[in-house]
Amino acid sequence: MMKTTKKTRNTFLSHFVLFLSCFVLMEVGLGQSPTSEIKVGVVLDLKTTFSKICLTSINMSLSDFYGDHPNYRTRLALHARDSMEDVVQASAAGSTKVCFIFSRAHSIFLFAALDLIKNEQVSAIIGPRSSMQAEFMIRMANKSQVPIITFSATSPLLTSIKSPYFYRATLDDSCQVEAIAAVVNSFGWRSVVAIYVDNELGKGIMHSLSDALQDVEVHRSVISTEASDDQILKELYKLKTRQTRVFVIHMASRLGFRVLQKARKIGMLEKEYVWLLSNGMTNMMTHDGRSLETMQGVLGVRNHVRKSKELEDFRLRWKRKYQKDNPSTRDDVELNVFALWAYDSITALATAVEKTNTNNMRYDNFSALSNNTTDLGTLGVSLYGPSLLEALSRVEFKGLAGEFSLVNRQLVASTFDIINVVGNEERIIGTWTPRDGLMNTNSKKTTLFSNERLGPVVWPGSSYGVPKGWEVPTDGKKIKVGVPVKQGFFNFVEVTTNPITNVTTAKGYAIDIFEAALKKLPYSVIPRYYRIESPEDNYNYLVHQVYDGTLDAVVGDITITANRSMYVDFTLPYTESGVSMLVPLRDNENKNTWVFLKPWSLDLWITTGCFFVLIGFIVWLFEHRVNSDFRGPPHHQIGTSFWFSFSTMVFAHREKVVSNLARFVVISYTANLTSFLTVQRLEPRATSVEDLIRNGESVGFQHGAFVKDTLKGLGFKESQLKSFGSAEKCDELLSNGTSKGGIAAAFDEVAYLKAILSKYCSKYAIVEPSFKTAGFGFAFPKNSPMTGDVSRAILNLTQGEEMAGIENKWFNRLSLASECPDPKTALSSNRLSLSSFWGLFLIAGIASFLAFLIFVGHFLYEHRHTLCDNTEGSLWRKLTSLLRTFDAKDTKSHTFKNSAVHNVSSPVTQCTPSPSTLQMRPWPRSMSLNREFELRRASFFMSEERLTTQAEHNKHGESDIESGSER
């Protein structure tokens, strides 16, 4: 009984524990949230090292994401398919069915993509690797509404398809072209060769690259994806014969590094060569165990990945994971930026899926019965695609590769590093950003404001000198340069052709300037000259030869005009601009009796004479009461005043001026005379276009020049115009003059007139007027890069001594400088008129008038008692009294006081009451009379209140020193 009871209790306890355990397990199970599995396809070339690297990052991304978010209700389930590096080339027919032309190998990629949609019904696809594969998958995504996310297809052409279901979690190749252009421009290279592959990857970047290098000549070299080593060598040898030594290479890394190996083999990675790799190749430099030894001195652009502790930790974890998953692969495989983008792509997709409604995951219009895997019409349409599309567009986070944000369904580049391969190191020598442009990594200054283009660069061949970017080609194309055939002025340009060898040579001032400019270019240009005869010497014909492509340039005395610039581009002018007039100089031995009157016009003579009278009167007015030189009989005073005024003209006057007001007037008047008497003495025969037209004079112009139309516009008749073709002919016409069938003046551009003066400088002068022109320049086709380069070279020439040497060679400037007057001297007129000096006369007149007002005001104020005295009677008596006072000496003036006390034998002071006497010689009434004066005696009596002077009289009864008015 006891045993039975005990057994029953144990059984009950066991059942209770079992029941409790089941209850707990049920509770735990009911408490867990259910998860939804989202199928995601992965299409990669699974046998390649690149895909294995990226697939490791993809798997780690999933683990890391759900490890950080264990409570998320969705889980991505990856379904990988091997594309086996296939490309499907499709051509669309006019229906929903698309016919594909593919080989047996190509069918594998097609089956892989369609299998994921038709059989697995995936919600999104990661991949493919290449841009060629992506083009087909984009079309398939549009049909099925399944989002495609690629982390390695970079061709800009994919954007042109404009599919809302295509996302690029990598950089468009066009993002890097500005950075490439910045590197090229920073070193001043003017020509580059773009080597690219003949598929979507290579063709897609060329348009953007050409736009970025708009001031650089871009040559193209295309290499086939299936090119053999011999074909690559053949293309490289062809490039080696050209002058350009700067190569920008953009293609798949495997083919690109084959090209570099062959270039190194034939000596194209030596000194003076430049190789610049695009972003895709730079990121794959060390891929699959490649050695950097074959790429010494190479430059490259690479998208910037900010270093962080998180990234370094991931790199170590990735290394361990990769070696575990691929134990048979090489140990030197490194993580690349595409693997980082793959990691971030899975993170973005998982984040977007979590934010969507996963209740409707099915496909609509799905036909599983069709066996035609190439018929897009049998594909179903994902009902989940649009909601996932919207969620992906809003995903933003900080990923391993940088900020992850899809703008217009693709990543946006922010910074690129400039790489230089030195030894086994990828050295960062600079950075480029859209805002700041190219910056030196060491100085942190933009190249726009710093002379340091980049950090120290080691170029191919271990050279530290910057390559100039060109070499004289072994079989380079020479530019065709047209040279005009001229009748004269051969010092500007002369072209000859050897009748035996048929070789054309050119020489002259313009040719020397052109060739000197070419030597300063950063690349080699070899001109081949062609003799061009223009109808009626009209250079418009030469310009049109450049416009229609017959010539590459025109060099000579080509005038820059607005009409010609509509067809070609001109360089900066290399001569002075403007049209002027050349006239003969007058014979200095002029026998005309009245030739001395010609320098001044009649109105100027009359005005000058009036001012002589005016100034003489004003000076006499101020000096008459205080200066004995301006006293005496009336005729003597008038003569002295006029003599003083006229003698001032030659600064020969002897009379002293003692009045401050008179001195002020004389100074103003003397300055006036000095200004207008100092004038140009040369006298050209004609200086006015109006005079030439009015007198019916004939004028000359160079045959075929545009100056003829200018002269007609000024009013010259056709009968007045005569042409000349050389300096000698111009000299002959000017020497004859209009009366003998010649000309009175020659109109031409300043450069031609200077050429004439270099031979006949003593006979002619360049005079006004001058008309604006742009000068001589060299013509190139529209938008030619050589236009700006040659212009800068001409600017350098004009600022140096080389230009002066060329001018002296062709115009003999140095030897003529000491023998001839300056040809730049412009003579505006052969007569001086009143209008040229009215300002000077105005100043002198105002000065005289102000001095007169001050004198009159002071005189009236000093004798105001006379005006106010009623005893004088009428106003006429008062004025008569003032005139007598004015005519008398001003005994209060210091001039008379000084003469009275100058010879005192003993000083007179207030403490000497007794009178003293002295003998003195009186002031003469005029220094010009040279009269003898008798000695006079004067007695001075001092009192306590004042000093009284008593004058002694001579035998004529005249007082020597008067205390009252002189009678």
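Residues numbered from 1 in each chain as written. Predicted model: local features only at pLDDT ≥ 70, side-chain atom pairs only at ≥ 80, totals over all residues. Heavy atoms only, no water.

1. Observations regarding the nonpolar core
Generally speaking, soluble globular proteins have nonpolar side chains that are buried together. Defined as follows: Among buried residues, the Ala, Val, Leu, Ile, Met, Phe, Trp, Tyr and Cys ones that are joined through side-chain atoms within 4.5 Å form a nonpolar core. The rule is simple: take the accessible area with a 1.4 Å probe, protein chains only, and divide by the maximum for that residue type; under 20% is buried, over 50% is exposed, in between is partly exposed. In DSSP terms, a helix is any run of H or I states spanning at least four residues, a strand is any run of E spanning at least two, and both are numbered starting from the N terminus. Throughout the structure description, domain borders are defined by an automatic or database domain assignment. Whether two residues are in contact is decided by their heavy atoms: any pair within 4.5 Å suffices.
Counting residues in hydrophobic clusters, the biggest one holds 106 residues, and the most contacted among them are Leu76, Ile126 and Leu349. At 13 residues, the largest contribution of residues to this core is made by helix α11 (residues 337–354). Residue contributions to this core reach at least three from each of two domains, namely domain 1 (36–87 + 103–171 + 308–364 + 377–405) and domain 2 (173–306 + 415–440). Apart from the residues within four sequence positions on either side, Leu76 is in contact with Ile38, Val40, Leu62, Tyr66, Ile346, Leu349, Ala350 and Val353. In terms of nonpolar packing, the next biggest core, distinct from the first, is built from 50 residues, Ala517, Leu733, Ala755 and Phe776 among them.

2. Concerning the confidence of the model for the protein
As a reminder of what qualifies: Confidence scores per residue from the predictor, reported as pLDDT, run from 0 to 100.
Per-residue confidence for the protein gives a mean pLDDT of 76, with 69% of residues at or over 70. Averaged pLDDT values over the elements of the protein bottom out at 29 in strand β3 (residues 89–92) and peak at 96 in strand β11 (residues 274–277). Scored below 50 in pLDDT, residues 23–32 makes zero contacts in the model with residues more than four places away or belonging to other chains. The model gives residues 823–830 a pLDDT under 50, and that stretch makes 23 contacts with residues more than four places away or in other chains.

3. Topic: the sheet that holds strand β9 (residues 217–223)
Rule in force here: The rule for pairing is simple: two strands pair if DSSP sees at least two bridges between them. To get an axis, a line is fitted to the C-alpha atoms, and for a helix only the part in contact is used. The angle between two axes follows their N-to-C directions and goes from 0 to 180 degrees.
Strands sit in the order β9-β8-β10-β11-β12-β17-β18-β19 across an open sheet of eight strands; the sheet is mixed. The strands lining the two open edges of the sheet, one partner per strand, are β9 and β19 (437–440). Across this sheet, the average inter-strand angle for adjacent strands is 30°, counted without regard to direction. Two strands pair when backbone bridges link them, and strand β17 (residues 416–422) and strand β18 (residues 425–433) are joined in this way by seven bridges, in the antiparallel orientation. Across the sheet, residue Phe416 finds its bridge partner in β18, namely Trp432.

4. Comments concerning the sheet that holds strand β5 (residues 124–126)
The strand order β2-β1-β5-β6-β7 describes an open sheet built from five strands, whose pairing is parallel. Looking at strand neighbours, the two that pair on one side only are β2 (74–82) and β7 (166–168), the edges of this open sheet. Averaged over all pairs of adjacent strands, the angle between their axes in this sheet comes to 25°, without regard to strand direction. The sheet contacts of helix α2 (residues 49–68) involve β1 (36–44), β2 and β5, and relative to β2 the element is tilted by about 170°. Along the sheet face, α11 touches β1, β2, β5 and β6 (148–150) and points at about 135° away from the line of β2.

5. Digging into the packing of aromatic side chains
In plain terms, the rule: Put simply, two rings from Phe, Tyr or Trp (the six-membered ring, in Trp's case) pair if the centres are within 6.5 Å, and we call them stacked under 30 degrees between planes, edge-to-face over 60, tilted for the rest. For a Lys NZ or an Arg CZ to count as sitting over a ring, it must be within 6 Å of the ring centre and within 35 degrees of the ring normal.
Under the definition given, this model contains 26 aromatic pairs. A ring pair is formed by Phe492 and Tyr509, whose centres lie 6.2 Å apart and whose planes are at 85°; its orientation type is edge-to-face. Linking Phe492 in the loop between β20 (479–484) and β21 (494–497) with Tyr509 in helix α13 (residues 509–519), this pair joins segments that are 17 residues apart in sequence. By the ring-pair criterion, three or more aromatic residues cluster together here, those being Phe492, Tyr509, Phe514, Tyr574, Tyr752, Phe776, Phe778 and Phe811. A cation sits over an aromatic face here: Lys480 above Tyr530, 5.9 Å from the ring centre.

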